[in-house]
Amino acid sequence: MKLFTVSKLKFSICLLVIGCSSAVATPQVLKETPASLLGDASRQNVFVLTGDADEAYHRLLISPEQGGSDNILLDTSTALPLIKSRYSADMIDGFSVHVINNPAGVLKVVDVQGEFVSVKQPSAEAGDAVVLVSNEEDNTVYQFNLVFRYSKSSKQFELKNVLEVVNNESCDRSVVSVIEVPNSIVGNTSLASFDGRKVFEQLIDTHIQQTAGEFKKLMMTDVAEQVDKALALYRKGQIKDVSTLMSNFQMGGGSSADCDPHSYIAQKYDFAQSPGWSNDLGFLFGETGYYGESVELLSAVIARNPTRTVAYLNLADSYWGLKDKVRAAKAYKQYAALMTDAGKVSKIPARVAERSDGVVE
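Quick caveat: nothing in here was measured; it's all calculated off a predicted structure.

(A) The overall build of the protein chain, seen in detail. For the protein chain, the count of helices and strands is 10 helices and 14 strands. Classification of the 361 residues of the protein chain by burial places 45% in the buried group. Relative to all contacts within the protein chain whose residues are 6 or more apart in sequence, the contacts with residues 24 or more apart total 52%. Surface accessibility of the protein chain: about 17900 Å² in total, with carbon and sulfur atoms responsible for 50%.

(B) Quick peek at the sheet that holds strand 7 (residues 92-102). As summarised here, the arrangement of the 7 strands in space is 6-7-10-11-12-13-14, forming an open sheet in which the pairing is antiparallel. At either end of the open sheet lies a strand with only one pairing partner, and these are strand 6 (83-84) and strand 14 (216-218). As defined by bridge partners, strand 11 (residues 142-151) adjoins strand 12 (residues 156-167) across 10 bridges and the pair is classed as antiparallel. If you follow Val 147 over to strand 12, its bridge partner there is Asn 161.

(C) The arrangement of the side chain of Ser 36 in detail. Positionally, Ser 36 belongs in the loop between strand 2 (28-35) and strand 3 (44-50). In this structure the side chain of Ser 36 is engaged in a polar contact, spanning 3.1 Å, whose partner is the backbone oxygen of Ser 42. Excluding anything up to four places from it in sequence, Ser 36 contacts Ser 42, Arg 43, Gln 44 and Asp 128.

(D) Representation of the side chain of Lys 217. Mapped onto the elements of the fold, Lys 217 is located in strand 14. Of the side chains with opposite charge, Asp 270 lies nearest to the buried Lys 217, which makes no salt bridge, at 5.8 Å. Within the structure, Lys 217 has its side chain in polar contact with the backbone oxygen of Gln 267 (distance 2.6 Å). Other than its neighbours up to four places away in sequence, Lys 217 contacts Ser 177, Val 178, Ile 179, Ala 266, Gln 267, Lys 268, Tyr 269, Asp 270, Phe 271 and Gln 273.

(E) Representation of helix 7 (residues 291-304) in the model. Taking 1.5 Å of rise per residue, the 14 residues of helix 7 would be expected to cover 20 Å, and the 20 Å separating its terminal C-alpha atoms lies within 8% of that figure. Among the residues making up helix 7, those that are buried are Glu 293, Ser 294, Val 295, Leu 297, Leu 298, Ala 300, Val 301 and Ile 302. Where helix 7 is buried, its residues contact helix 5 (265-269), helix 6 (275-287) and helix 8 (309-321).

(F) Structural view of the pairing of strand 11. Most of strand 11 sits inside the fold, with 9 of its 10 residues counted as buried. Pairing analysis gives 4 bridges linking strand 10 (residues 127-135) to strand 11, with the strands arranged antiparallel. Note on strand 11: the bridge partner recorded for Leu 132 is Leu 146. Once strand 11 ends, the chain turns through 4 residues before running back antiparallel as strand 12, passing Lys 155 with a positive phi of about 60°.

(G) Examining the nonpolar core more closely. One finds Leu 132, Leu 146, Leu 191 and Tyr 269 to be the most contacted residues of the largest nonpolar core, which totals 74 residues. Ignoring sequence-local partners within four residues, the contact set of Leu 191 consists of Leu 60, Ile 62, Leu 74, Thr 76, Ala 79, Val 130, Leu 132, Phe 148 and Phe 157. Core analysis: the second largest hydrophobic core is formed by 17 residues, Val 295, Ala 311, Tyr 332 and Tyr 335 among them.

(H) Focus on helix 4 (residues 239-246). Buried within helix 4 we find Val 242, Leu 245 and Met 246. End-on view of helix 4: buried residues confined to an arc of 100°, all on one side of the axis. Seen from the open side of helix 4, the exposed residues pointing more than 90 degrees away from its buried face are Lys 240 and Thr 244. Those residues of helix 4 that are buried are in contact with helix 3 (221-235) and helix 6.

(I) Quick peek at the pattern of salt bridges. Applying the stated criterion across every chain yields a total of 7 salt bridges. For Arg 149, the salt bridge goes to Glu 125, with nearest N and O atoms at 3.7 Å. A residue pair is termed long-range when its members are at least 10 positions apart, and Arg 149 in strand 11 and Glu 125 in the loop between strand 9 (116-120) and strand 10 qualify at 24 residues. The class for Arg 149 is buried, based on a relative accessible area of 12%. Across the pair Arg 351 and Asp 317 runs a salt bridge whose closest N-O atoms are separated by 2.7 Å. On the criterion of sequence distance, the pair formed by Arg 351 in helix 10 (residues 350-356) and Asp 317 in helix 8 is long-range, its members being 34 residues apart. Looking at Arg 351, the relative accessible area reads 28%, which means it is partly exposed.

What counts and how
The residue numbers shown here count from 1 along each chain, following its written sequence. pLDDT decides what is reported in this predicted model: residues at 70 or higher carry local features, side-chain atom pairs at 80 or more are listed and counted, and totals for whole chains, interfaces and linings draw on all residues regardless. Heavy atoms from the whole structure form the basis of all side-chain values; hydrogens and water molecules are not counted. Helix and strand definitions here come from DSSP, where helices need a minimum of 4 consecutive H or I residues and strands a minimum of 2 consecutive E residues; each element is numbered from the N-terminal end. Burial classes: relative accessible area under 20% of the type maximum marks a residue as buried, over 50% as exposed, and values in between as partly exposed (1.4 Å probe, protein chains only). Residues count as neighbours in contact if any of their non-hydrogen atoms are within 4.5 Å of one another. Using the Shrake-Rupley algorithm and a 1.4 Å probe, accessible areas are obtained, with residue cover drawn only from the displayed protein chains. Two strands are said to pair when DSSP picks up at least two bridges between them. Any pair of nitrogen or oxygen atoms within 3.5 Å is treated as a polar contact; in protein, a donor-acceptor pairing is required on top of that, and neighbouring residues in sequence qualify only through side-chain atoms on both sides. Charged residues are defined narrowly, with Lys and Arg counted positive, Asp and Glu counted negative, and His plus the chain ends left uncounted. Any carboxyl oxygen of Asp or Glu within 4 Å of a side-chain nitrogen of Lys or Arg constitutes a salt bridge here. Take the number of residues in a helix, subtract one, and multiply by 1.5 Å to get its expected span. As used here, the term nonpolar core means buried Ala, Val, Leu, Ile, Met, Phe, Trp, Tyr and Cys residues forming a set that is joined through side-chain atoms within 4.5 Å. The arc refers to the directions leading from the helix axis to the C-beta atoms.

This is the structure:
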C-alpha cells in the first residue's frame with residue numbers, strides 16, 4: 001500500500017471528492033497497473049483506491065499517465081464492493097482488478113489459484129482489457145472473469161465476455177473448464193454503470209443453477225495445439241512420440257500422482273460443439289495405452305451423440321485394452337449395428353466379429 005506521489009493525479013482525485021478540503025484524507029493506492037486500453041499509442045494507469053472510511057467499497061479509477069481531472073476516463077465506487085462472506089463475517093468477497101493483454105482470437109483468464117490460462121475465442125480483440133475477477137474467500141473451485149474493453153463509439157468500457165473458470169475439486173486443482181456465460185445473465189453493461197454487489201450475487205446464482213452443457217465451453221489454446229500435433233505425429237506413424245505427447249494431457253504430475261480420469265477427463269476434454277475433436281482425442285488416448293482416459297472421454301461423447309458410430313469402435317477397443325471384455329463386446333455390437341444400418345457392413349474390421357462372439361453379457 002502506498003500514497004499517491006504524482007501531484008497531478010492527487011489533484012485530480014481531490015477535485016472528484018465532494019467538498020474536498022485539507023480535512024479529507026488522500027485516498028491510498030491499493031493497486032496501480034499501467035495499460036494501453038484505447039487501442040492507440042496512448043498510455044493509461046488503472047488504480048484501485050481505498051474508499052471512504054464509512055463505505056464498504058474500493059474505488060476504481062482509470063486516468064491517462066499524464067493529465068488532469070478533465071481527462072479521467074473512469075471513476076466509480078460501485079464496481080468494487082466489499083461484501084461480507086455468507087459463511088464468515090471475518091471474510092470479504094468481491095472483485096479484483098486485472099489488466100490483461102490478449103492476442104486476437106484468444107482470451108487469457110485467471111483461475112482461483114491465480115494462474116493464467118488462455119482459451120480460444122474467435123471474436124476476441126487484440127490488446128489490453130480491464131478484467132474483473134470474482135473472489136470468494138471460501139471458494140477454491142470456480143470464479144468468474146468479466147472482460148471490459150474500451151469502445152471508441154460509446155467512449156465507455158463495455159462488457160464483452162463473462163467467463164466461468166472451473167478448477168478440479170481434487171487432485172492437482174488445476175483448470176478443467178472455461179465456460180462462456182451469456183452477457184445477458186448480468187446485463188449488457190458498461191464499467192461505469194457496473195453494480196458489483198448485484199452482479200456478484202447473479203454470478204453465484206448462475207453457477208448454482210446452470211446445468212451441464214447449458215453454456216459454451218471454450219477450448220484451451222495449449223490443449224488444441226497439442227492435439228493437432230499428436231494427430232499429425234500419429235498420421236506419420238510416430239506412435240512413440242504420440243505416446244510421449246499424450247502424457248501432457250494427464251492431470252496430477254505424472255506416474256502415481258495422476259488424477260483419477262473420472263474426476264476431470266470429460267469435464268476438460270468433452271466439447272459439445274466439437275464431438276469429432278473429442279472423439280479423436282479419445283482415440284489417441286486408447287492408441288497410446290491410456291485406456292481409462294479413453295473410456296471416460298468416449299463415453300461422454302457417446303452420451304451426447306448416441307449415433308456417432310466410430311466412437312463405439314474406439315470405446316470398444318479401449319475396453320478391450322482394459323480387459324473388460326463384456327463391455328467391449330457390447331460396444332463392438334453397437335458399432336456393428338450402426339454400420340449395418342448405414343449399409344457399410346463391408347467396412348467393419350474383422351476384430352469386431354472376433355471380439356463380439358462368445359462373450360456372455
